[in-house]
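# Structural characterization, general
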Amino acid sequence: MPTDVFAVLANPVRRKLLETLRAGPRSTGELAAMFELGRPAVSEHLAVLKTAGLVREEPRGRHRFYHLEPARLAEVSEWLHPFEHYWNQRLNALADLLDEEDPR
């Protein structure tokens, strides 16, 4: 099971699970209902996220609720931060080019 946060985030299902958990904790059933996957497959993705430290599991009776653990996502943000300058420059260059073609 991958624990590297970048390897874990490479999967679109896991990214969607994290996006959903931004709004608050959800049960396994609620999360599984969002996908065209079986509940066992969603549970496996949640296990990967849990192992990577991106979510935590809270048992409540017979149900399990998952909470977002954003601390590991801070690692991604720290790694991406130096690239913001690059993308800002690229977007500014694109805006300048578009302005030249359509000065309005």
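The rules behind the values
- Residues numbered from 1 in each chain as written.
- Predicted model: local features only at pLDDT ≥ 70, side-chain atom pairs only at ≥ 80, totals over all residues.
- Heavy atoms only, no water.
- Phe/Tyr/Trp six-rings, centres within 6.5 Å; stacked < 30°, edge-to-face > 60°.
- Helix = DSSP H or I, 4+ residues; strand = E, 2+ residues; numbered from the N terminus.
- Buried < 20%, exposed > 50% of the residue type's maximum accessible area, 1.4 Å probe, protein only.
- Lys NZ or Arg CZ within 6 Å of the ring centre and 35° of its normal.

### So, the packing of aromatic side chains
Inspection of the entire model under this criterion finds three aromatic pairs. Their ring planes at 65° and their centres at 5.4 Å tell us that Phe6 and Trp79 sit as a pair that is edge-to-face. Of this pair, Phe6 sits in helix α1 (residues 5-9) while Trp79 sits in helix α5 (residues 71-101), and the two are 73 residues apart along the sequence. Seen in terms of ring centroids, Tyr86 and Trp87 are 5.1 Å apart; in terms of plane orientation they differ by 75°. Their pairing is edge-to-face. Under the relative-accessibility criterion, Tyr86 is labelled partly exposed at 39%. Taken together through their ring pairs, the aromatic side chains of Phe6, Trp79 and Phe83 make up a single cluster. Taking NZ or CZ as reference, Arg60 lies 4.0 Å from the ring centre of Phe65, over its face.

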